[in-house]
Number of protein chains: 2
Amino acid sequence: MSFRKITVAGGGVLGCQIAMQSAYKGFDVTIWHRSYSSIGRSQPRLDRLHAIYIKELKSLRYKIGALSAEYPRGLAEDFVSLTPEKVNEMVHRAERAYKNIHMAVDLNEAMEDADLVIEAIAENEEQKIGFYRRISDVLPPKAILVTTSSTMLPRTFAEYTGRPEKFLAMNFAGEIWAKNIAEIMGHPGTDQKAYDQVAAFAADIGMEPLCLKKEHPGYILNSLLIPFLEAAKKLKEEEVADPETIDRTWKLATGAPEGPFRIMDEAGLRSE
Amino acid sequence: MSFRKITVAGGGVLGCQIAMQSAYKGFDVTIWHRSYSSIGRSQPRLDRLHAIYIKELKSLRYKIGALSAEYPRGLAEDFVSLTPEKVNEMVHRAERAYKNIHMAVDLNEAMEDADLVIEAIAENEEQKIGFYRRISDVLPPKAILVTTSSTMLPRTFAEYTGRPEKFLAMNFAGEIWAKNIAEIMGHPGTDQKAYDQVAAFAADIGMEPLCLKKEHPGYILNSLLIPFLEAAKKLKEEEVADPETIDRTWKLATGAPEGPFRIMDEAGLRSE
């Protein structure tokens with residue numbers, strides 16, 4: 001592990017997941033909050049994650065010896081070699097992780113000695129620029145900085161960070177302990193070494209790193225998903241077929257477990 | 001079964017598959033060929049299908065009693081209730097089907113008493129129009145006529161058929177005994193009764209009928225697949241990521257068994 005101290009800026013849904021997952025994988029994690037009231041809002045999120053981790057890990061016990069099973073791939077590296085002792089150790093690790101996540105409001109305290117700062121604040125360009133400007137003076141020189149923005153490109157923010165060569169993007173999908181992917185994307189000024197360290201960190205916290213060779217709106221996943229979902233919506237809007245038939249067509253023809261409308265429902269993307 | 005005699009026009013890859021599958025499911029099947037030399041070209045296709053059916057059916061024997069297994073869904077309605085006797089009966093059915101497919105060159109003979117004529121000739125507008133004009137006088141009044149065109153709309157041909165109300169489209173995907181779907185699509189003048197009979201026939205020959213409520217280029221499947229595959233090609237062409245990473249992203253994020261480049265390879269759609 002090339003990093004030790006990880007600072008997650010923002011205690012929203014994604015920020016809390018990254019914090020819990022990184023702590024579970026042995027990193028020293030601090031969540032920086034804008035205010036004491038935002039600590040109050042993020043604590044229940046961490047409590048809920050703690051309960052999920054413990055429940056998922058305990059349920060792994062019943063899968064020991066099974067030839068195949070669904071399991072949260074971010075939590076266990078390897079399914080077949082599980083033993084009751086290993087599962088117990090993982091439960092203890094999740095308990096320690098939950099207890100050891102530091103909460104900070106003071107920016108200097110939060111950023112002090114950080115190896116990696118993961119920006120997970122609101123998806124708002126001005127707020128992000130304001131944040132990058134604020135931290136550029138307090139970040140230790142060694143710190144690598146990533147944005148988790150899924151809709152904005154890192155080049156939008158690079159100049160405000162004071163360290164464009166150590167700035168890039170890391171995009172997650174959904175419940176990261178289960179759907180464990182991280183898309184890694186630099187901007188034209190990102191150093192390859194910083195990029196590689198972030199990709200290695202993603203693997204260290206149990207993600208499958210998916211490496212983009214260049215900056216691209218929507219990363220890989222949304223670049224595939226959005227035209228696919230739009231095509232499905234168009235078929236419905238033009239009353240060519242109903243959502244059930246469209247989903248059934250996709251599943252039968254491709255063997256996929258879910259059709260486009262089911263994917264939209266799970267992502268909360270369906271309007272009606 | 002509302003139909004008895006099925007005439008497939010054209011002994012190409014798809015025509016032979018439809019003929020074999022319909023015969024296997026108990027229909028009286030004739031393939032109409034343009035010439036004796038086209039019979040000579042389609043016979044090896046039927047021979048190959050016969051070998052595949054027998055091999056797939058015999059391999060079902062080893063799956064009896066398994067809790068789950070991959071199997072060709074067009075061949076066996078129901079997996080869990082299979083017995084060695086049922087599998088033997090299915091093998092005999094496939095043998096009978098293969099032997100009983102009639103080959104015809106004479107159009108009157110081929111169309112005589114047909115309940116359903118399935119046009120599976122070359123994907124060429126002029127050739128199809130010529131065919132529809134030729135058969136409009138010899139088709140029995142009761143016959144329903146479908147085109148298997150995947151790229152042209154039934155409205156293009158309706159006026160030439162002499163029976164627009166009994167004319168519609170039925171689109172298949174790949175190896176129909178295994179990937180058993182049939183998209184059913186009428187044009188604005190198609191009678192609902194003819195549509196329903198064709199959908200019921202699709203189910204009778206072991207397909208999952210996927211019913212379009214109106215005419216639409218690309219049916220359902222290609223309307224979803226094409227923008228998805230185009231998006232993947234664009235990511236590769238713009239050198240955002242390599243095909244392996246793109247496929248891995250899709251599989252990890254959606255649980256699908258195959259990514260877009262693998263789908264293109266299987267469909268023979270990749271240029272390099």
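As the structure is a computational prediction, the values presented were derived from the model and not from experiment.

## With respect to the interface of chain B and chain A
So, step 1. Taken together, the contact between chain B and chain A spans 37 residues of the former and 37 residues of the latter.
So, step 2. At the level of secondary structure, the elements contributing two or more residues to the side of chain B that touches chain A comprise strand S8 (208–211), helix H7 (221–237), helix H8 (243–254) and helix H9 (260–266) of chain B.
So, step 3. Looking at the side of chain B that touches chain A, its residues break down into 23 nonpolar, six polar and eight charged.

## Considering the confidence of the model for chain A
So, step 1. Looking at chain A, the pLDDT average stands at 94 and 98% of residues meet or exceed 70.
So, step 2. For this predicted complex, the interface confidence score (ipTM) comes to 0.91, while the overall pTM stands at 0.89.

## A few points about the sheet that holds strand S6 (residues 167–172) of chain B
So, step 1. Ordered in space as S3-S2-S1-S4-S5-S6-S7-S8 (chain B), the eight strands form an open sheet in which the pairing is mixed. Each end of this open sheet is capped by a strand with a single partner; those strands are strand S3 (102–104) and S8 of chain B. Neighbour-to-neighbour, the strand axes of this sheet turn through a mean angle of 25 degrees, independent of strand direction.
So, step 2. Bridge analysis of S6(B) against strand S7 (residues 181–186) of chain B gives five bridges, and the strand direction is antiparallel. In the sheet register, B:Phe172 faces S7(B), and the bridge partner there is B:Ala182.
So, step 3. The sheet contacts of helix H8 (residues 243–254) of chain A involve S7 and S8 of chain B, and relative to S8(B) the element is tilted by about 140 degrees.
So, step 4. The strands touched by helix H1 (residues 13–24) of chain B are strand S1 (5–9), strand S2 (28–32), strand S4 (116–119) and S6 of chain B; relative to S2(B), the strand with the most contacts, the crossing angle is about 165 degrees.

## A short note on the sheet that holds strand S8 (residues 208–211) of chain A
So, step 1. Read from one edge of the open sheet, eight strands run S3-S2-S1-S4-S5-S6-S7-S8 (chain A), paired in mixed fashion. Looking at which strands have only one partner, the edges of the open sheet turn out to be strand S3 (102–104) and S8 of chain A. With direction set aside, neighbouring strand axes in the sheet form an average angle of 25 degrees.
So, step 2. Relative to strand S4 (residues 116–119) of chain A, strand S1 (residues 5–9) of chain A runs parallel, the two being bridged by four bridges. Directly across from A:Ile6, in S4(A), lies its bridge partner A:Leu116.
So, step 3. Along the sheet, H8(B) contacts strand S7 (181–186) and S8 of chain A; its crossing angle with S8(A), the most-contacted strand, is approximately 140 degrees.

## Structural notes on the packing of H1(B) against helix H2 (residues 36–60) of chain B
All names here are of chain B.
So, step 1. Two numbers describe how H1 lies on H2: the axes approach to 10 Å, and their chain directions differ by 50 degrees. The pairing of H1 with H2 is recorded here as oblique in orientation. The two elements H1 and H2 meet at a crossing, and its hand is right-handed. Mapping the contact onto sequence places Val13, Cys16, Gln17, Met20 and Tyr24 in H1 and Ser42, Arg45, Leu46, Leu49 and Tyr53 in H2.

## Focus on the relation of the copies chain B and chain A
So, step 1. Take chain B, turn it by 180 degrees, move it 0.0 Å along the axis, and it overlays chain A with an RMSD of 0.1 Å. With respect to symmetry, the two chain copies, as superposed, fit the operation of a two-fold axis. Considering only C-alpha atoms, the part of chain B nearest the rotation axis is B:Ala256, at 2.1 Å.
So, step 2. Same-surface contact between copies: 100% of interface residues of chain B are shared with the interface of chain A.

Scoring rules and cut-offs
- Residues numbered from 1 in each chain as written.
- Chains lettered and ligands numbered in written order.
- Predicted model: local features only at pLDDT ≥ 70, side-chain atom pairs only at ≥ 80, totals over all residues.
- Contact = placed C-beta atoms within 7 Å.
- Helix = DSSP H or I, 4+ residues; strand = E, 2+ residues; numbered from the N terminus.
- Nonpolar A, V, L, I, M, F, W, Y, C, P; charged D, E, K, R; others polar.
- pLDDT = per-residue confidence, 0-100.
- Pairing = 2+ DSSP bridges.
- Axes fitted to C-alpha atoms, helices over the stretch in contact; angles between N-to-C directions.
- Parallel < 35°, antiparallel > 145°, perpendicular 65-115°, else oblique.
- Left-handed = near helix turned anticlockwise from the far one by under 90°.
- Least-squares fit on C-alpha atoms with pLDDT ≥ 70 in both.

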